[in-house]
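Commentary on secondary and tertiary structure
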Amino acid sequence: MAQVDAVIAQRLSSDVALINQIGHYIVHAGGKRMRPKLVLLFANALGYERPERFELAAVVEFIHTATLLHDDVVDESSLRRGKPTANALFGNAASVLVGDFLYSRAFQMMVSVDRMRVLEVLAEATNVIAEGEVLQLMNMHDPDITVEAYLRVIRFKTAKLFEASARLGAVLAQASPEVEEACAAYGRALGTAFQLIDDVLDYEGDAQELGKNIGDDLREGKTTLPLLIAMERGTPAQRELLRHAIEHGELERLPEIVAIVRETGALESTREAARAEAQHAAERLNLLPQNKWTKSLLEFSLQSVERHS
């Protein structure tokens, strides 16, 4: 990861001072670097040790960072990872444009690897992520969306880059189609589990620990799985309160809403759904060589659903 960070620092460089300032601010804001780790872990697990893996690990971090910059503008967020968002500090216009710079820089870096399959994987991923963003926008303030529609957004918007990151390790190692698909399935399941836990934490933690404002999803009108389960299990009066909150981004009665979500067991049920995804990810590793890297990937999947931040 130190070598990935060195690539990130080098590739972030621009003659435009504001790009350097915003790019460094968000890239070095304390993220978990989960997607770059997947590229490295799968490449190593499959015996690929050439430096291109560091370049592609940096690429997926740039793509992820670009989506964060754009997300925070769309969501009007003011906190991320416990710090003010870039749009809160530098303005929406600068955040969107620097996000565009990071996307385009990522594609420059992909080309330098000189593998058409790499371009195919990442071009598809960025396109699907954009579709997921639009799907989520269409679902805003809709209390009647189905669990299937909610999961579709997760798989497009969040899990797709996890899937692509895992797949890239297999592509670099020129693994068989079967192994490549197993890697991709691991990433897809892990990304889904990761987002499910994020949705739990929106109602479970405190803003300082989580690095975001509690209730942000509700304010933005996002109908997440904890809310869907709580509406299914709640009393008619509780369902009506939750529906009204989703439709209007209602935060005035947030303590009551959090209490309903907790009392109905929605948080634990969502955690169980995340654990099932993590188990599915772990099972995909059976097709890979068994070594210290696959062991790390197994631990990675299990730890991702037991986190509290």
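Anything mentioned here points back to the structure above.
Residues numbered from 1 in each chain as written. Predicted model: local features only at pLDDT ≥ 70, side-chain atom pairs only at ≥ 80, totals over all residues. Heavy atoms only, no water.

**Description of the overall build of the protein**
For the protein, the count of helices and strands is 16 helices and 2 strands. In summary, the protein has a C-alpha radius of gyration of 19 Å against a globular reference of 19 Å for 309 residues, a match within 12%. Along the first, second and third principal axes, the C-alpha set of the protein runs to 60 × 50 × 30 Å. Of all 309 residues assigned to the protein, the portion counted as buried reaches 54%. Of all intrachain contacts in the protein linking residues separated by at least 6 positions in sequence, the fraction that spans at least 24 positions is 76%. Between the averaged position of the 33 positive side-chain charges in the protein and that of its 45 negative side-chain charges there is a distance of 5 Å. (Helix = DSSP H or I, 4+ residues; strand = E, 2+ residues; numbered from the N terminus. Rg over C-alpha atoms; globule rule 2.2 N^0.38 Å. Buried < 20%, exposed > 50% of the residue type's maximum accessible area, 1.4 Å probe, protein only. Contact = heavy atoms within 4.5 Å. Lys, Arg positive; Asp, Glu negative; His and termini not counted. Charge placed at Lys NZ, Arg CZ, Asp CG, Glu CD.)

**Quick notes on the nonpolar core**
Of all hydrophobic cores here, the largest spans 43 residues; its most connected members are L56, V59, I63, L122 and L168. Those elements giving two or more residues to this core turn out to be α1 (2-12), α2 (17-27), α3 (34-45), α4 (52-75), α6 (92-113), α7 (116-139) and α8 (147-172). Counting residues per element, this core draws most heavily on α4, which supplies 11 residues. Counting residues in hydrophobic clusters, the runner-up holds 31 residues, among them I145, I229, I246 and A278. (Core = buried A, V, L, I, M, F, W, Y, C linked by side-chain atoms within 4.5 Å.)

**Overview of the packing of helix α12 (residues 225-233) against helix α15 (residues 266-284)**
Contact geometry of α12 with α15 gives a least axis separation of 8 Å together with a crossing angle of 125°. As far as their axial angle goes, α15 and α12 are oblique. When the axes of α12 and α15 are compared, the crossing they make is right-handed. Between α12 and α15, the contacting residues are L225, P226, I229, A230 and R233 on the first element and A266, L267, S269, T270 and A273 on the second. Class assignment of the residues belonging to the contact of α12 with α15 gives a composition of 7 nonpolar, 2 polar and 1 charged. (Axes fitted to C-alpha atoms, helices over the stretch in contact; angles between N-to-C directions. Parallel < 35°, antiparallel > 145°, perpendicular 65-115°, else oblique. Left-handed = near helix turned anticlockwise from the far one by under 90°. Nonpolar A, V, L, I, M, F, W, Y, C, P; charged D, E, K, R; others polar.)

**Comments concerning unusual backbone geometry**
The phi dihedral of R33 falls on the positive side, at around 55°, and the residue is not glycine. In this fold, R33 is placed in the loop between α2 and α3. Judged by relative accessible area, R33 falls into the buried class, the value being 11%.

**Here's the deal with α8**
In this model α8 runs 35 Å from its N-terminal to its C-terminal C-alpha over 26 residues, within 8% of the 38 Å that 1.5 Å per residue would give. If you look at α8, its biggest bend is around 55°, right at A159. Counting buried positions along α8 gives 20 out of 26 residues, so the element sits mostly inside the fold. Backbone geometry just downstream of α8 places Q174 in the positive-phi region, at approximately 55°. (Expected span 1.5 Å × (residues − 1). Bend = angle between axes of the 7 residues up to and from the residue.)

**Quick notes on the pattern of salt bridges**
Applying the stated criterion across every chain, the model contains 26 salt bridges. The partner of R275 in a salt bridge is E306, with the nearest N and O atoms 2.9 Å apart. Separated by 31 residues along the polypeptide, R275 in helix α15 and E306 in the segment after α16 (292-304) bring together distant segments of the chain. The network of salt bridges with common partners includes R117, E120, E124, K160, E163, R167, E180, E181 and R188. (Salt bridge = Lys/Arg side-chain N within 4 Å of Asp/Glu carboxyl O.)

**What to know about the environment of L254**
Tracing the chain through its elements places L254 in helix α14 (residues 254-263). Through-space distance from the C-alpha of L254 to that of I63 is 33 Å; in sequence the pair is 191 residues apart.

**Brief notes about the environment of W293**
Assignment of secondary structure puts W293 in helix α16. A C-alpha to C-alpha distance of 21 Å links W293 and R307, two positions 14 residues apart in sequence. Aside from chain neighbours lying at most four places away, what touches W293 is L41, N44 and A45.

**Description of the environment of D72**
Here D72 lies in helix α4. Separated by 16 residues in the primary sequence, D72 and A88 have C-alpha atoms spaced 8.9 Å apart. Beyond its immediate stretch of four places on either side in the chain, D72 contacts S77, R80, T85 and N87.

**Some points on the side chain of Q136**
Inspection of the secondary structure assignment puts Q136 in helix α7. For Q136, the contacting residues outside a window of four places in its chain are V153, K157 and K222.

Such coordinate-based values are descriptive only and should not be taken to indicate function.
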